[in-house]
Amino acid sequence: MEELTGVGLLTRKAYNEIPPRVEYSATEKARDLAPVFWYLGVWTERHDLEPIATADD
């Protein structure tokens, strides 16, 4: 999450509570990426991609 907050895609809000609580929210910059992710989903369906097997599978 630190990388995403560092580049301005998320904001972080920490609460002074026990147990500690932190909330993350998408910034305008992140919301602007929504069409990109939508199209990536369309592209993967169009090309009938399957998940890559990992060593844990």
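Relevant structure appears above.
Thresholds, definitions, all that
- Residues numbered from 1 in each chain as written.
- Predicted model: local features only at pLDDT ≥ 70, side-chain atom pairs only at ≥ 80, totals over all residues.
- Heavy atoms only, no water.
- Helix = DSSP H or I, 4+ residues; strand = E, 2+ residues; numbered from the N terminus.
- Rg over C-alpha atoms; globule rule 2.2 N^0.38 Å.
- Buried < 20%, exposed > 50% of the residue type's maximum accessible area, 1.4 Å probe, protein only.
- Areas by Shrake-Rupley, 256 points an atom, 1.4 Å probe, with all protein chains shown as cover.
- Salt bridge = Lys/Arg side-chain N within 4 Å of Asp/Glu carboxyl O.
- Phe/Tyr/Trp six-rings, centres within 6.5 Å; stacked < 30°, edge-to-face > 60°.
- Pairing = 2+ DSSP bridges.

Visitor: Which residues make up the overall build of the chain, and what values do they have?
Guide: When its secondary structure is counted, the chain shows three helices and two strands. Computed over the C-alpha atoms, the radius of gyration of the chain is 17 Å, more than 25% above the 10 Å expected from 2.2 N^0.38 for a compact globule of 57 residues. Taken along its principal axes, the extent of the C-alpha atoms in the chain is 45 × 35 × 15 Å. Residues counted as buried form 5% of the 57 residues belonging to the chain. For the chain, the exposed surface amounts to about 5,400 Å²; the carbon and sulfur share of it is 58%.

Visitor: Describe the pattern of salt bridges, listing the residues and the values that go with them.
Guide: Here the structure, examined in full by the defined rule, presents three salt bridges. A salt bridge links Arg21 to Glu17, with the nearest nitrogen and oxygen atoms 3.0 Å apart. With a closest N to O distance of 2.8 Å, Glu23 and Arg21 form a salt bridge. Taking the relative accessible area as the measure of exposure, Glu23 reaches 35% and is therefore partly exposed. Owing to a relative accessible area of 33%, Arg21 belongs among the partly exposed residues under this scheme.

Visitor: How would you explain the packing of aromatic side chains if you had to name every residue and give the values?
Guide: Tallied over the entire structure, the rule returns one aromatic pair. When the ring of Trp38 is compared with that of Tyr39, the centres are 6.4 Å apart and the planes differ by 50 degrees; the resulting orientation is tilted. Trp38 sits in the exposed class, given a relative accessible area of 58%. Assessed through its relative accessible area of 39%, Tyr39 is described here as partly exposed.

Visitor: Explain the pairing of strand E1 (residues 10-15) residue by residue, including any values.
Guide: Sheet topology note: the E1/strand E2 (residues 21-26) ladder contains six bridges and is antiparallel. Counted as the bridge partner of Ala14 is Val22 from E2. Turn length for the E1-E2 hairpin, with the two strands adjacent in sequence and antiparallel, is five residues.

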